[in-house]
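Here is how the chains run, residue by residue.
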Amino acid sequence: MTEPGILLARELRLAGTLLIVGLAVTIVTLIWKAPLSFLLFAGIGVVLTLAGVAVYLFSIVSTSAPRH
Amino acid sequence: MTLPGPEVLLYLALAIAVILIAIIVARPAVTATRGGKIFAFIALFILPILCAFGAASDHVERSKQTTFCLTCHIMELYGKSLTVDDPKYIPAAHFQNHRIPVDEACYTCHTDYALYGGVRAKLRGLRHIYIQYLGHPPAPDQIKLYTPYNNRECLHCHLGARSFESNAVHMAIMDSLKSNEMSCVTSGCHDTVHNIDSLSKVKFWSPVQ
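Residues numbered from 1 in each chain as written. Chains lettered and ligands numbered in written order. Predicted model: local features only at pLDDT ≥ 70, side-chain atom pairs only at ≥ 80, totals over all residues.

## Some points on the overall build of chain A
Thought 1: The helix and strand inventory of chain A stands at two helices and zero strands.
Thought 2: Burial statistics for chain A: of 68 residues in total, 34% are counted as buried. (Helix = DSSP H or I, 4+ residues; strand = E, 2+ residues; numbered from the N terminus. Buried ≥ 20, exposed ≤ 12 C-beta atoms within 10 Å, placed from the backbone.)

## Some details on the overall build of chain B
Thought 1: From N to C terminus, chain B includes 11 helices and zero strands.
Thought 2: Counting from the amino terminus, chain B carries its helices and strands in the arrangement α-α-α-α-α-α-α-α-α-α-α.
Thought 3: The C-alpha radius of gyration of chain B comes to 24 Å, more than 25% above the 17 Å expected for a compact globule of 209 residues.
Thought 4: Expressed along its principal axes, the backbone C-alpha trace of chain B runs to roughly 75 × 40 × 35 Å.
Thought 5: The contacts in chain B between residues at least 6 apart in sequence include a share of 59% that link residues at least 24 apart. (Rg over C-alpha atoms; globule rule 2.2 N^0.38 Å. Contact = placed C-beta atoms within 7 Å.)

## Regarding the nonpolar core
Thought 1: Within the largest apolar cluster, 28 residues are counted, with the highest numbers of intra-cluster contacts made by B:Ala17, B:Ile21 and B:Leu44.
Thought 2: Sorting the residues of this core by element identifies helix 1 (3-31) and helix 2 (35-64) of chain A together with helix 1 (6-26) and helix 2 (34-62) of chain B as the ones contributing at least two each.
Thought 3: A total of 10 residues in this core trace back to one element, the largest contributor, which is helix 1 of chain A.
Thought 4: Those residues in contact with B:Ile21 that lie beyond four places of it in its chain are A:Gly16, A:Leu19, A:Ile20, B:Ala43 and B:Leu44.
Thought 5: Counting 11 residues, the second largest nonpolar core, distinct from the first, contains B:Cys69, B:Leu82, B:Ala92 and B:Phe95. (Core = buried A, V, L, I, M, F, W, Y, C linked by C-beta atoms within 7 Å.)

## Brief notes about the packing of helix 1 of chain B against helix 2 of chain B
Packed helices, taken two at a time, are described by the angle between their axes plus the distance between the axes.
Residues and elements named next belong to chain B.
Thought 1: One way to put it is that helix 1 packs onto helix 2 with a least axis distance of 9 Å and a crossing angle of 150 degrees. Our classification of the angle between helix 1 and helix 2 gives roughly antiparallel. Judged by the twist between their axes, the crossing of helix 1 over helix 2 is left-handed. Contacts between helix 1 and helix 2 involve Glu7, Leu10, Ala13, Leu14, Ile16, Ala17, Leu20, Ile21 and Ile24 from the first element and Ala40, Ala43, Leu44, Leu47, Pro48, Leu50, Cys51, Gly54, Ala55 and Asp58 from the second.
Thought 2: A class-by-class count of the residues in the contact of helix 1 with helix 2 yields 16 nonpolar, one polar and two charged. (Axes fitted to C-alpha atoms, helices over the stretch in contact; angles between N-to-C directions. Parallel < 35°, antiparallel > 145°, perpendicular 65-115°, else oblique. Left-handed = near helix turned anticlockwise from the far one by under 90°. Nonpolar A, V, L, I, M, F, W, Y, C, P; charged D, E, K, R; others polar.)

## Observations concerning the domain arrangement of chain B
Thought 1: Each assigned domain of chain B is listed here: domain 1 (6-62) and domain 2 (74-201).
Thought 2: Its C-alpha centre places domain 1 of chain B at a distance of 41 Å from the equivalent point of domain 2 of chain B. (Domains from an automatic or database assignment.)

## Re the interface of chain A and chain B
Thought 1: If you look at the interface, chain A gives 24 residues, while chain B gives 26 residues.
Thought 2: Going through the elements one at a time, helix 1 and helix 2 of chain A are the ones with two or more residues in the side of chain A that touches chain B.
Thought 3: Among the elements that make up the side of chain A that touches chain B, the one with the highest residue count is helix 1 of chain A (12 residues).
Thought 4: Residue composition of the side of chain A that touches chain B, by class: 17 nonpolar, five polar and two charged.

## Some points on the confidence of the model for chain B
Residue and element names in this part refer to chain B.
Thought 1: Per-residue pLDDT for chain B has a mean of 92; in total, 99% of the residues score no lower than 70.
Thought 2: Per-element mean pLDDT across chain B ranges from 85 in helix 7 (residues 117-134) up to 96 in helix 5 (residues 90-96).
Thought 3: Two numbers describe this predicted complex: its pTM, 0.81, and its ipTM, 0.89. (pLDDT = per-residue confidence, 0-100.)

## Some details on the environment of B:Cys109
Thought 1: Relative to the helices and strands, B:Cys109 is located in helix 6 (residues 105-110).
Thought 2: Separated by 96 residues in the primary sequence, B:Cys109 and B:Ala13 have C-alpha atoms spaced 34 Å apart.

Right, dumping it as structure tokens:
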């Protein structure tokens, strides 16, 4: 695998891990019916999910850009 | 055959998203092809965003429920006041006669029927959660409304209703009611609201079902 390919794979793994944890937290907050679950969803679930999406978008933009 | 509800679909979407993302985490090489890139876009962008929106919507809907508001110990007496066996208690009469949705009783009367009223209600709810867990919650009898109760919330349902408009007093003071010059609940007409101080002296109604 080329160097950009290794880098992309690493970034995809990071994005995927953040998303899985974020979505897992989201699932827990949906099952746990308490006022605190909303704070957990907004404070951790959404943040991790958006971070995962951002890392993914960054990875596809950075690897498609010409490297000097 | 009945279609699955939105909550079931949300759980399904979350499960599918987690499985697809796990495939990419385990084998990032699948994204090397054109089809793999589309797969990654769906798994790492489309599905998580949809799931986050779906979950947010579920949380917002859940926060409108009466049971949600009554989760906090501080609200216990207010919940109890909904079952007072006395029609003079306005919230109790509305709750027991289903003049408001029983499942969303608190929200129905305590949201603002104005532009962004729902958003303001949610922000107040967040503040309540903050005070409950990180602040100093007041004693139940010390809880006050942020602003005097607006007649707009009453008129949202009652205005135009036959039972309301057939009352000559209502029609005579309609302008004062609409302008909040005279309050429905503090001007001496319908002034028995939750009145949690007097709950020890009243009888309670219990539904058959």
